Amino acid sequence: MHIWGLREMLLEVEGLEIRYGRVPAVRDLTFGIAEGEFVCFVGPNGVGKSTTTLAVAGVVQPAKGSIRFDGHPLAGTLIETIVSKGIALVPEGRRIFGRMSVRENLVVASGVRGGLGRKRAVLDRILELFPILRQRFESPAGFLSGGEQQQLAIARALLTEPKLLVVDEPSLGLAPKYVELVYETFSRIRSEGVTLLIVEQSVRRALKYADRICFMQSGRIVLEGNTPDLAQRTDLELVYFGEGKRD
Ligand SMILES: Nc1ncnc2c1ncn2[C@@H]1O[C@H](COP(=O)(O)OP(=O)(O)OP(=O)(O)O)[C@@H](O)[C@H]1O
Ligand SMILES: [Mg+2]
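Asks: What am I meant to see in the pairing of strand 4 (residues 64-69) here?
Replies: Regular strands place side chains that alternate from one sheet face to the opposite one. Note that strand 1 (residues 9-20) and strand 4 share five bridges and pair antiparallel. Of the residues in strand 4, the one forming a bridge with E17 is K64. Note: strand 4 against strand 5 (residues 72-73), two bridges, orientation antiparallel. Along strand 5, the bridge assignment pairs F69 with H72. Taking the residues that link successive antiparallel strands as the turn, the strand 4-strand 5 hairpin has two residues, and the phi of D70 there is positive, at about 55°.

Have a look at this one:
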């Protein structure tokens, strides 16, 4: 039995500490994400949201604590193996290849498992989610708008057919119409069975789309709850900014 109850946990993080040098960026971080959940991590700048995503994707190694995915510990696992186990990360800043075409970004830069027929089917399915990418298939990715580049980054992550998709601040710098589009796409991806961990600065947006929200402060979770329960609270702004830290 898990400490979070009987529901099957896809991701279990316990007592996690990540350090860059002496100061911990994340400390004593414990949370679980059940299969099929859409969880948002929110919090102001520098509280450890990106670090959490990097740890889950195996990019940074814990100084303490454990991460279990699909029942197995991730400690010491190579990033490629973590990807093949089913975790895909869209990092902050998207990291697409601007001089390569959309097609090259999708096909060359990602490894879909299986034969050609299967690869085509996965790609077709993803291009259905992002019609603009089909239209711009042969254009250099650097010519796409920020919102289109974010769609490309998400599409590329989906090509690995993840069980868990982790996206760091997908709405950063995007026009509102793209933000809505990206979040509607997350909802569709989730309805197809993909579990989501999304970092978001807007509590309002997290309340609108997520099943559960984790509020981070100083490297740990200070409040977490199901969205309908949190929506009743009147102190979320205080929680978000950290009590006592406001002007
Ligand atoms: N590569 C690094 N080297 C040293 N310190 C780092 C590094 N990356 C992050 N930090 C520090 O770790 C802490 C957490 O950073 P992190 O990027 O995880 O926060 P964040 O919540 O994602 O912030 P933001 O909202 O600005 O993206 C911060 O104090 C930051 O300065
Ligand atoms: Mg960040």
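Asks: I'm lost on the domain arrangement of the chain in this one. Help?
Replies: Where interface size is quoted, it is often the accessible area lost as the parts come together. If you check the domain split of the chain, you get domain 1 (1-86 + 193-241) and domain 2 (87-161). If you average the C-alpha positions of domain 1 and of domain 2, the two centres end up 25 Å apart. Mapped onto the side of domain 1 that touches domain 2, the elements with two or more residues apiece are helix 1 (49-56) and helix 2 (79-85). Of the residues contributing to the side of domain 1 that touches domain 2, the split by class is five nonpolar, three polar and one charged.

Asks: Would you take a moment to explain the sheet that holds strand 6 (residues 87-90) for this structure?
Replies: The strands making up a sheet associate through hydrogen bonds between their backbones, and the pairing can be parallel or antiparallel. On the basis of which strands lie adjacent, the open sheet formed by six strands has the order 6-7-8-3-9-10 and mixed pairing. Looking along the sheet, the strands with just one partner apiece sit at the ends: strand 6 and strand 10 (220-226). The average undirected angle you get between the axes of adjacent strands in this sheet is 15°. As judged from the five bridges shared by strand 7 (residues 164-168) and strand 8 (residues 195-200), these two strands associate in the parallel manner.

Asks: Help me understand the sheet that holds strand 4, please; the structure alone is not making it clear to me.
Replies: If you trace the four strands from one edge of the open sheet to the other, you get 2-1-4-5, paired in antiparallel fashion. Here the strands that pair on one side only, and so sit at the sheet edges, are strand 2 (23-34) and strand 5. In the packing of helix 1 onto the sheet, the strands contacted are strand 1, strand 2 and strand 4, and the crossing angle to strand 2 comes to about 65°.

Asks: Would you explain the environment of S218 in this entry?
Replies: Counting through the fold element by element, S218 comes out in the loop between strand 9 (212-217) and strand 10. Note on S218: 15 C-beta atoms within 10 Å, which makes it partly exposed. The sequence separation of S218 and Q61 amounts to 157 residues, and the corresponding C-alpha distance is 19 Å.

Asks: Would you mind showing me how to read the site of ligand 1 here?
Replies: Around ligand 1, the neighbouring residues are Y20, A25, G43, N45, G46, V47, G48, K49, S50 and T51. Broken down by element, the residue count for the shell around ligand 1 peaks at three residues, all from helix 1. In the shell around ligand 1, the residues fall into three nonpolar, six polar and one charged.

Asks: Teacher, can you tell me more about the nonpolar core here?
Replies: Across soluble globular proteins, you tend to see nonpolar side chains buried next to one another. Within the largest apolar cluster, 69 residues are counted, with the highest numbers of intra-cluster contacts made by I87, A155, L165, V166 and L197. Residue contributions to this core reach at least three from each of two domains, namely domain 1 (1-86 + 193-241) and domain 2 (87-161). Not counting residues up to four positions away in its chain, the partners in contact with V166 are T53, V56, A57, I87, A88, L89 and L197.

Asks: Any chance you could explain the environment of A88 here in plain terms?
Replies: Topologically, A88 is positioned in strand 6. For A88, a count of 22 C-beta atoms within 10 Å puts it in the buried group. Taking the C-alpha atoms as reference points, A88 and L164, 76 residues apart in sequence, are found 6.4 Å from one another. Not counting residues up to four positions away in its chain, the partners in contact with A88 are V83, A157, T160, P162, L165 and V166.

The rules we used
Counting restarts for each chain, with residues numbered from 1 along the sequence as it is written. Ligands are numbered from 1 and chains lettered from A, in the order in which they are written. Confidence filtering applies because this is a predicted model: local features only for residues at pLDDT of at least 70, side-chain atom pairs given and counted only at 80 or more, and all residues used for totals across whole chains, interfaces and linings. Pairs of strands are assigned from DSSP output, requiring at least two bridges between the strands. Put simply, DSSP marks the helices as runs of H or I at least four residues long and the strands as runs of E at least two long, and each gets a number from the N terminus on. For the domains described, the bounds stem from an automatic or database domain assignment. Ten residue types, Ala, Val, Leu, Ile, Met, Phe, Trp, Tyr, Cys and Pro, are classed as nonpolar, four, Asp, Glu, Lys and Arg, as charged, and the remainder, Gly among them, as polar. Lines fitted to C-alpha atoms define the axes here, with helix axes fitted over just the stretch in contact, and angles between the N-to-C directions of these axes take values from 0 to 180 degrees. Placing a C-beta atom from the backbone of each residue, one calls two residues in contact when those atoms lie within 7 Å. In this scheme the burial state of a residue depends on its C-beta neighbours within 10 Å: 20 or more other such atoms mean buried, 12 or fewer mean exposed, and anything in between means partly exposed; the C-beta positions come from the backbone. As used in this record, a residue near a molecule or strand is one whose C-beta atom, placed from the backbone, is within 6 Å of it. As used here, a nonpolar core is made of buried Ala, Val, Leu, Ile, Met, Phe, Trp, Tyr and Cys residues. They are joined through C-beta atoms within 7 Å.

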